[in-house]
Number of protein chains: 6
Amino acid sequence: MTDTAADTLLVVSAHAGDFVWRAGGAIAAAALRGERAVVACLSYGERGESASQWLDGKSLDEIKRIRRDEAEAAASALGAEIEFLDLGDYPLVESRDAVSRLVDLYRRVQPTVVLTHTLRDPYNGDHPAAARMALEARVLAQAIGVANSDGSYPGKADIIGAPPVFFFEPHQPEQCDFTPDVLLDITEAFGRKRAAMECLPAQKHMWSYYTDLAVRRGVQLKRNAGPNLGLHHETMGEAYMRHFPQVTSVLS
Amino acid sequence: MTDTAADTLLVVSAHAGDFVWRAGGAIAAAALRGERAVVACLSYGERGESASQWLDGKSLDEIKRIRRDEAEAAASALGAEIEFLDLGDYPLVESRDAVSRLVDLYRRVQPTVVLTHTLRDPYNGDHPAAARMALEARVLAQAIGVANSDGSYPGKADIIGAPPVFFFEPHQPEQCDFTPDVLLDITEAFGRKRAAMECLPAQKHMWSYYTDLAVRRGVQLKRNAGPNLGLHHETMGEAYMRHFPQVTSVLS
Amino acid sequence: MTDTAADTLLVVSAHAGDFVWRAGGAIAAAALRGERAVVACLSYGERGESASQWLDGKSLDEIKRIRRDEAEAAASALGAEIEFLDLGDYPLVESRDAVSRLVDLYRRVQPTVVLTHTLRDPYNGDHPAAARMALEARVLAQAIGVANSDGSYPGKADIIGAPPVFFFEPHQPEQCDFTPDVLLDITEAFGRKRAAMECLPAQKHMWSYYTDLAVRRGVQLKRNAGPNLGLHHETMGEAYMRHFPQVTSVLS
Amino acid sequence: MTDTAADTLLVVSAHAGDFVWRAGGAIAAAALRGERAVVACLSYGERGESASQWLDGKSLDEIKRIRRDEAEAAASALGAEIEFLDLGDYPLVESRDAVSRLVDLYRRVQPTVVLTHTLRDPYNGDHPAAARMALEARVLAQAIGVANSDGSYPGKADIIGAPPVFFFEPHQPEQCDFTPDVLLDITEAFGRKRAAMECLPAQKHMWSYYTDLAVRRGVQLKRNAGPNLGLHHETMGEAYMRHFPQVTSVLS
Amino acid sequence: MTDTAADTLLVVSAHAGDFVWRAGGAIAAAALRGERAVVACLSYGERGESASQWLDGKSLDEIKRIRRDEAEAAASALGAEIEFLDLGDYPLVESRDAVSRLVDLYRRVQPTVVLTHTLRDPYNGDHPAAARMALEARVLAQAIGVANSDGSYPGKADIIGAPPVFFFEPHQPEQCDFTPDVLLDITEAFGRKRAAMECLPAQKHMWSYYTDLAVRRGVQLKRNAGPNLGLHHETMGEAYMRHFPQVTSVLS
Amino acid sequence: MTDTAADTLLVVSAHAGDFVWRAGGAIAAAALRGERAVVACLSYGERGESASQWLDGKSLDEIKRIRRDEAEAAASALGAEIEFLDLGDYPLVESRDAVSRLVDLYRRVQPTVVLTHTLRDPYNGDHPAAARMALEARVLAQAIGVANSDGSYPGKADIIGAPPVFFFEPHQPEQCDFTPDVLLDITEAFGRKRAAMECLPAQKHMWSYYTDLAVRRGVQLKRNAGPNLGLHHETMGEAYMRHFPQVTSVLS
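This structure is a prediction, so every number in the text was calculated from the model and none was measured.

Draft legend 1. Expanded view of the overall build of chain A. The secondary structure content of chain A amounts to eight helices and eight strands. Over its C-alpha trace chain A gives a radius of gyration of 18 Å, about what one expects of a compact globule, namely 18 Å for 252 residues. Counting only C-alpha atoms, chain A reaches 60 × 55 × 35 Å along its principal axes. Here the analysis covers contacts within chain A between residues at least 6 apart in sequence; of these, 74% occur between residues at least 24 apart. Carbon and sulfur atoms make up 50% of the accessible area of chain A, which amounts to about 8,500 Å² in all. Taking the average location of the 26 positive side-chain charges in chain A and that of its 34 negative ones, the two points are 2 Å from each other.

Here you go:
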């Protein structure tokens with residue numbers, strides 16, 4: 001359907017890998033519906049999330065290349081495009097320049113839905129930093145008076161609307177003030193998510209971990225959808241939290 | 001469409017009048033879509049919300065009759081059915097018997113969406129009391145082991161699912177921890193809501209007040225839907241807050 | 001050690017089963033340390049948590065007996081004593097009499113640690129009702145001027161101290177304002193917990209569900225204990241939330 | 001009265017216009033009491049809040065001049081002085097230099113009351129940025145060891161006291177954690193506020209919008225002041241939120 | 001001044017003693033200004049707050065008489081009237097009858113300011129119970145359609161307005177969600193508060209404890225009033241929390 | 001015991017003095033147990049907390065020297081080492097360089113427990129700034145891929161674990177969202193804390209203030225430990241708030 005096909009998902013991910021574990025189901029489901037999905041990967045997670053490679057004595061450049069290759073394979077398995085901003089991690093430093101590049105990206109991609117990290121994460125400051133930049137750029141990209149990064153001004157068709165923003169589930173949700181607003185059914189998309197997870201061999205223990213989490217969120221999904229459905233474990237879920245109120249013409 | 005027509009809206013209202021000011025748009029919109037809408041009116045608001053009639057020297061019975069007639073006219077203008085439980089107000093006393101009657105109602109009506117008051121309202125204790133009973137009855141009505149009020153046990157088809165619950169907007173939202181999760185477009189339904197408000201002549205000053213509020217929520221609705229739509233004031237809105245996470249297969 | 005052996009754990013559980021899924025590890029660990037553990041089971045969960053038996057056409061009394069037998073077997077597998085108050089469920093009705101019986105129990109058992117449900121649970125009102133009664137009885141049992149349920153007054157040795165209270169993890173933690181304060185290592189006790197779960201055959205699908213949760217809480221436990229421990233999946237955990245500040249002479 | 005006349009109101013506004021819609025009543029009321037009122041306008045809102053001028057093809061400098069003229073006219077209509085810091089908007093960038101200029105301003109103006117934006121606003125990051133700078137400068141201006149922006153040190157008479165800070169109402173209060181602590185009666189001052197609003201012709205649709213809001217806050221004001229006053233709609237109000245506890249010698 | 005003298009303070013206290021430690025300064029200050037102050041003492045604290053008398057082997061009636069005498073002496077020292085409802089404590093049971101008696105009291109006393117306990121106190125359930133009844137009765141007393149306890153209906157002059165409600169400071173403020181909104185200067189009234197405390201000889205250790213607390217709140221009061229006042233320790237304070245927004249015509 | 005002696009406490013303090021008033025008991029208690037305690041003092045508090053010296057006409061360098069000497073004496077009285085980073089105060093500016101120096105410090109000291117300020121303090125922005133840097137450096141110091149400040153990479157033994165972080169009590173706890181999670185018994189260590197306080201003669205009025213606070217927290221400590229202990233005032237306490245869940249193998 002043209003209407004649905006016009007939807008575009010933008011995922012702003014602090015590190016290579018985050019978008020797979022936390023939003024892989026939503027990305028794959030969008031792709032399966034024929035929608036465009038774009039991942040903006042702000043860093044490779046080369047310093048903070050690559051301990052085993054450092055212990056193996058690999059160089060910074062080697063690590064970045066490995067993680068980039070893995071992220072590209074995973075994005076491909078999900079059916080998404082991926083762009084790397086290579087901003088560095090641990091810490092991911094917020095800057096005017098980085099935000100400006102994200103403004104360009106928003107205007108180029110024209111997302112109808114945005115996914116990113118929670119604004120609080122005591123275990124990893126890069127995640128809130130990514131979220132703050134994603135949110136700031138989204139507001140700036142709406143304004144016709146805010147220039148692109150090359151100094152030119154946007155035309156009327158370049159500025160973006162107000163796409164809803166969803167935070168995906170952090171590793172320790174309760175410590176991050178993460179209360180799910182939305183339980184997303186990813187049952188059909190889960191095969192792709194699993195395939196994408198398997199593109200990340202260094203974190204093999206996470207494959208079953210995030211499979212279990214999908215089961216757990218699936219159980220909650222069914223429980224919130226009604227007690228009479230039975231608790232068969234095939235439904236898989238992902239949890240999200242809205243940053244803005246939902247706009248709708250039907251309550252459901 | 002059969003699918004949509006099968007939806008049924010249940011509104012649990014502490015007093016006659018509450019459902020009009022706070023949820024009239026959602027009710028009328030459901031009716032306009034061909035759905036069934038049922039209002040459970042727990043009291044007439046005969047003691048706490050009928051000051052002018054008391055000052056006129058009317059008796060308790062007269063006041064109850066007047067408010068009942070008004071509420072029936074308003075429900076009719078919205079396109080809804082209405083049932084009166086006559087539990088008394090100021091205070092609306094919670095009881096096992098009242099909850100049991102609500103359990104029966106849930107099982108008879110089989111709602112797919114439920115609307116009620118917020119769980120906090122420092123200005124009127126009847127509102128949270130109504131919400132607590134609405135929520136307790138909803139859980140009890142799901143259980144096949146919980147008897148009906150006549151002592152009989154429900155059949156498998158009698159128990160209900162897990163309809164989503166939305167709190168409608170209280171008079172002083174910030175004092176009631178009311179943060180809108182959902183902004184509902186009631187533009188098409190607003191004519192019916194206005195007509196229903198005009199069935200309540202004793203509170204004439206509220207007509208323009210709730211019209212203004214619908215404008216204000218409409219402005220927010222448009223702002224959350226995108227900056228490029230312009231701020232023309234014709235969109236009318238109502239605000240709601242979810243009690244449970246949304247269950248969906250698409251993020252939007 | 002005499003000192004440790006003198007500790008006594010009291011678990012106040014709304015339904016037969018709750019104490020197994022949610023606190024089985026803590027109970028078994030206490031028993032393994034040679035401490036006394038007592039479960040106060042307020043109802044059998046005969047109406048709200050026995051859907052399959054009702055569908056099988058069993059009578060109320062049969063269901064209560066089945067669930068009682070299962071709960072006794074599970075408590076035994078954990079190494080705990082169990083007492084049934086048979087207060088009824090769905091709803092579990094709070095009453096002066098029920099609280100008074102709990103006061104007696106506190107004074108008889110003299111717990112040094114108390115476990116119960118969270119104070120908020122939108123999916124099951126019996127859980128907060130159990131918690132409110134457990135907390136009220138704990139305060140009343142401390143007062144020498146509050147009579148026992150038989151009208152006699154307690155002696156100085158009968159009143160209790162101020163045992164810390166921990167809420168165990170609800171089924172949908174984020175919807176219950178459950179933020180873990182304590183991650184408990186139950187690795188050694190997990191075998192007993194698993195055995196206790198297997199005493200509840202009607203909920204077989206929960207066995208793997210709660211095994212997975214123990215893995216997940218175990219991973220968090222290790223992550224909070226330090227990044228250099230590696231993420232081997234053998235550590236099992238349970239999450240708890242304190243109701244009162246911790247009293248200690250060492251920060252750790 | 002000398003005592004009252006010595007009071008001075010400082011309003012820190014992110015953009016030209018904010019102080020009119022959100023605090024115009026408080027400013028005009030202060031001026032009507034013979035107090036001094038000073039608006040510190042951090043930017044002209046030239047990029048983020050001037051969409052129609054950009055669409056008309058106006059240049060950045062033209063837009064800044066237009067908005068400056070409007071803001072001066074509005075301040076004059078309210079009876080306030082206005083200073084422009086021209087820090088740029090979208091984004092309003094926080095800097096040591098900007099804070100230092102605000103420290104100078106505090107010391108020169110010696111405000112007894114401060115008004116500014118809320119610390120959270122997901123729709124516009126400039127508002128919290130303005131608030132953070134206003135709050136930081138207020139603390140620094142109190143310290144005799146903190147130099148002025150020209151490097152000189154303040155004398156004992158130059159440092160400021162601890163003026164109370166009030167956040168004015170944002171456009172979408174519930175999304176900004178805005179819970180009114182104070183409902184201000186602006187009935188007498190409303191004529192001036194309306195006149196000031198009419199100095200901003202590009203946002204004509206906002207005139208009635210903020211008039212309606214003043215009515216709504218006026219209704220709440222009366223409701224909080226007592227039910228026996230009747231609900232006549234002539235009382236106009238503005239809502240504020242305190243950042244510090246109120247200091248008083250009488251509870252009222 | 002007639003205007004001030006017409007003010008009347010109502011303090012709803014769960015136990016004899018609470019009003020002294022927590023609100024003695026506010027009560028004495030009101031009395032010193034020539035205002036009427038009335039304490040509604042819901043119980044004597046005979047079971048939960050009289051441990052030493054129980055240990056001395058005193059009877060229930062003796063304990064109640066002792067505590068009543070002490071409370072009367074303390075009220076007298078503060079300059080307040082006191083009424084005893086003798087509802088029993090530990091637990092203080094909420095009932096329709098008790099609320100109805102409070103409605104009568106509100107209508108008879110016509111308070112312009114109300115003080116009571118916080119709505120949360122994990123150490124003593126009687127405190128929130130007292131607060132809930134005080135708040136419910138305040139709303140019911142406003143309604144002309146709510147009968148007095150003798151069944152008669154109030155006249156127009158009998159119903160009350162909407163007096164502001166302040167929660168006084170609990171023993172463990174942070175565990176009770178107590179965030180001070182108001183710091184009250186009780187320097188002049190402190191002598192009376194100290195004298196009232198000394199009417200409660202069984203809790204002699206509390207005299208210095210609450211004197212220290214008054215110093216600490218006094219220091220905060222000065223710090224919130226401005227850094228240039230110096231930190232001399234003579235200012236004494238009490239902390240309060242508002243339940244409703246402040247209504248005012250001047251920000252200060 | 002070797003095990004305990006291996007524990008090391010790191011205290012990150014915004015200004016000279018903060019660590020004495022707020023954490024002196026915990027520091028002295030650790031030293032008394034034979035553990036190492038290290039204070040990282042980010043600034044001398046030379047601008048914002050030295051008003052009397054500025055009024056005396058002292059120079060910036062003199063003030064810094066005075067405060068450094070006092071802080072060294074106080075640390076010595078507590079039994080702690082102290083390091084000064086001299087980052088400047090009012091404002092304490094966050095920077096990559098300052099964080100990098102803290103990363104070095106964490107790796108050198110290998111703390112097993114960390115104490116710092118709360119993340120919110122409306123009275124002093126330096127306190128949250130210190131906390132943010134302490135928390136960020138703690139996470140970075142864990143990563144083997146994050147270089148030391150001299151550009152070299154850490155070895156496997158240099159990276160740190162995940163020491164628990166405790167926030168110490170701010171001057172106005174309720175305004176800083178400070179809810180005590182832990183009440184620490186400092187009775188034995190209080191003599192050293194008092195001696196350390198007396199090393200700060202310019203703030204003599206604080207000596208009794210913080211002695212009173214220790215009494216008050218001691219009373220709460222006993223109340224949380226049990227009602228039957230009696231309220232003798234000799235127990236002294238300090239309050240702390242955890243930033244991460246406690247990891248334990250025993251609930252107590």
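Draft legend 2. Highlighting the relation of the copies chain C and chain A. Each copy of the sequence occupies a distinct position, and chain C is placed on chain A by a rotation of 180° and an axial shift of 0.0 Å, giving an RMSD of 0.0 Å. What the rotation and shift describe, once combined, is the action of a two-fold rotation axis. Here 100% of the interface residues in chain C have copies in chain A that are interface residues too; the copies meet face to matching face.

Draft legend 3. Structural detail: the environment of V215 of chain B. Mapped onto the secondary structure, V215 of chain B falls in helix 8 (residues 204–225). Spatially, the C-alpha atoms of V215 of chain B and A129 of chain B are 29 Å apart, while their sequence positions differ by 86 residues.

Draft legend 4. Examining helix 4 (residues 60–78) of chain D more closely. Residue and element names in this part refer to chain D. With 19 residues, helix 4 extends 27 Å from end C-alpha to end C-alpha; this agrees with the ideal 27 Å at 1.5 Å per step. For helix 4, the set of buried residues is I63, K64, I66, R67, E70, A71, A74, A75 and L78. Taken end-on, helix 4 shows its buried residues confined to a sector of 165°, consistent with a single buried face. Opposite the buried face of helix 4, at more than 90 degrees from it, the exposed residues are D61 and S76. Of the surrounding elements, those touching the buried residues of helix 4 are helix 2 (18–32), helix 3 (51–55), strand 3 (81–84) and helix 7 (190–197). Just beyond helix 4, the residue with positive phi is G79, at close to 95°.

Draft legend 5. Main features of the pairing of strand 4 (residues 113–116) of chain D. Residue and element names in this part refer to chain D. Burial along strand 4 is two-sided: V113 and L115 and V114 and T116, pointing in opposite directions, are all buried. With three bridges connecting them, strand 1 (residues 8–13) and strand 4 associate as parallel partners. In the sheet register, L9 faces strand 4, and the bridge partner there is V113. Note that the unit made of strand 4, helix 6 (residues 126–141) and strand 5 (residues 165–168) has a crossover that is right-handed.

Draft legend 6. View of the arrangement of the chains. The two partners chain A and chain E share no contact, and the minimum distance between any of their C-alpha atoms is 18 Å. The two units chain B and chain F are non-contacting; their minimal C-alpha-C-alpha distance is 18 Å.

Draft legend 7. Here's a closer look at the side chain of N148 of chain D. Residue and element names in this part refer to chain D. Looking at the secondary structure, you find N148 in the loop between helix 6 and strand 5. Among the polar contacts made by the side chain of N148, one reaches the side chain of R107 at a distance of 2.8 Å. Apart from residues lying up to four places away in sequence, N148 is in contact with S100, D104, R107, Y153 and P154.

Draft legend 8. Focus on the packing of aromatic side chains. All chains considered together, the criterion is met by 36 aromatic pairs over all chains. Ring geometry for F244 of chain C and Y123 of chain E: centres 5.1 Å apart, planes at 50°, overall tilted. On the criterion of chain membership, the pair formed by F244 of chain C in the loop between strand 7 (237–242) and strand 8 (246–248) and Y123 of chain E in the loop between strand 4 (113–116) and helix 6 (126–141) is interchain, its members lying in two chains. Across the pair, exposure class does not vary: F244 of chain C and Y123 of chain E are buried alike. Between W21 of chain F and Y210 of chain F the ring centres are 5.6 Å apart and the planes differ by 25°, which places this aromatic pair in the stacked class. Residue W21 of chain F is found in helix 2 (residues 18–32), and its partner Y210 of chain F is found in helix 8 (residues 204–225); the two are separated by 189 residues along the sequence. A relative accessible area of 5% places W21 of chain F in the buried class. Exposure remark for Y210 of chain F: the relative accessible area of 3% places this residue in the buried category. Put simply, the rings of W21, Y209 and Y210 of chain A pair up and form one aromatic cluster.

Draft legend 9. Seen up close, the relation of the copies chain A and chain B. Mapping chain A onto chain B leaves a residual RMSD of 0.0 Å; the transformation is a rotation of 180° accompanied by 0.0 Å of translation along its axis. When you check the interface residues of chain A against chain B, 100% turn up at the interface there too, and the contact is symmetric in its surfaces.

Draft legend 10. Structural view of the interface of chain C and chain A. The interface is formed by 22 residues belonging to chain C together with 22 residues belonging to chain A. Carbon and sulfur atoms supply 48% of the area that chain C and chain A bury against each other, a total of about 2,400 Å² over both sides. Three residues, E174, R216 and R223 of chain C, lead the burial of chain C against chain A; their summed loss comes to 28% of the area buried on that side. In this assembly, chain C and chain A are joined by 10 residue pairs in polar contact (both at pLDDT 80 or more). Here the residues of the side of chain C that touches chain A are counted per class, giving eight nonpolar, nine polar and five charged.

Draft legend 11. Examining the sheet that holds strand 1 (residues 8–13) of chain E more closely. Ordered by their spatial adjacency, eight strands build an open sheet running 8(D)-6(E)-7(E)-5(E)-4(E)-1(E)-2(E)-3(E), and the pairing between neighbours is mixed. Of all the strands in the sheet, just strand 8 (246–248) of chain D together with strand 3 (81–84) of chain E have a single pairing partner and so form its edges. For this sheet the average axis-to-axis angle between neighbouring strands, irrespective of direction, equals 25°. Pairing geometry for strand 5 (residues 165–168) of chain E and strand 7 (residues 237–242) of chain E, over three bridges, is antiparallel. The partner of F167 of chain E across the bridge, within strand 7 of chain E, is M241 of chain E. Along the sheet, helix 2 (residues 18–32) of chain E contacts strand 1, strand 2 (36–41), strand 3, strand 4, strand 5, strand 6 (182–185) and strand 7 of chain E; its crossing angle with strand 7 of chain E, the most-contacted strand, is approximately 95°.

Draft legend 12. Local environment of the interface of chain A and chain B. Every contact between the two is made by 34 residues of chain A and, on the other side, 34 residues of chain B. Taken together, the two surfaces of chain A and chain B that pack against each other cover about 2,800 Å², and 62% of this comes from carbon and sulfur. For the pair chain A and chain B, the number of links is zero salt bridges. Scanning the region where chain A abuts chain B turns up 12 residue pairs in polar contact (both at pLDDT 80 or more). Only strand 4 (113–116), strand 6 (182–185), helix 8 (204–225), strand 7 (237–242) and strand 8 (246–248) of chain A provide two or more residues apiece to the side of chain A that touches chain B.

Draft legend 13. Geometry of unusual backbone geometry. Omega for the peptide link from Y90 of chain C to P91 of chain C comes to 5°, which places this bond in the cis form. Relative to the helices and strands, P91 of chain C is located in the loop between strand 3 (81–84) and helix 5 (96–109). Of note, the phi angle at Y90 of chain D is positive, near 50°, even though the residue is not glycine. Structurally, Y90 of chain D is set in the loop between strand 3 and helix 5 (96–109). The buried category is assigned to Y90 of chain D, whose relative accessible area is 9%.

Draft legend 14. Quick look at the pattern of salt bridges. Evaluation of the coordinates by the stated rule reveals 84 salt bridges over all chains. For E35 of chain B, the salt bridge is made with R33 of chain B, and the minimal N-O distance between the two is 2.7 Å. The exposure class of E35 of chain B is buried, given its relative accessible area of 9%. The closest approach of N and O atoms between K193 of chain D and E238 of chain D, which form a salt bridge, is 2.6 Å. Of this pair, K193 of chain D sits in helix 7 while E238 of chain D sits in strand 7 (residues 237–242); the two residues are 45 residues apart in sequence, bridging distant segments of the chain. Among the charged side chains, a salt-bridge network with shared partners connects E169 and R217 of chain A together with E174 of chain C.

Criteria and cut-off values
Residues numbered from 1 in each chain as written. Chains lettered and ligands numbered in written order. Predicted model: local features only at pLDDT ≥ 70, side-chain atom pairs only at ≥ 80, totals over all residues. Heavy atoms only, no water. Helix = DSSP H or I, 4+ residues; strand = E, 2+ residues; numbered from the N terminus. Rg over C-alpha atoms; globule rule 2.2 N^0.38 Å. Contact = heavy atoms within 4.5 Å. Areas by Shrake-Rupley, 256 points an atom, 1.4 Å probe, with all protein chains shown as cover. Lys, Arg positive; Asp, Glu negative; His and termini not counted. Charge placed at Lys NZ, Arg CZ, Asp CG, Glu CD. Least-squares fit on C-alpha atoms with pLDDT ≥ 70 in both. Expected span 1.5 Å × (residues − 1). Buried < 20%, exposed > 50% of the residue type's maximum accessible area, 1.4 Å probe, protein only. Arc of directions from axis to C-beta. Pairing = 2+ DSSP bridges. Right-handed = clockwise from strand over helix to strand, strands pointing away. Polar contact = N/O pair within 3.5 Å; in protein donor to acceptor, adjacent residues only side chain to side chain. Phe/Tyr/Trp six-rings, centres within 6.5 Å; stacked < 30°, edge-to-face > 60°. Buried area = accessible area lost by both parts, 1.4 Å probe. Nonpolar A, V, L, I, M, F, W, Y, C, P; charged D, E, K, R; others polar. Axes fitted to C-alpha atoms, helices over the stretch in contact; angles between N-to-C directions. Salt bridge = Lys/Arg side-chain N within 4 Å of Asp/Glu carboxyl O.

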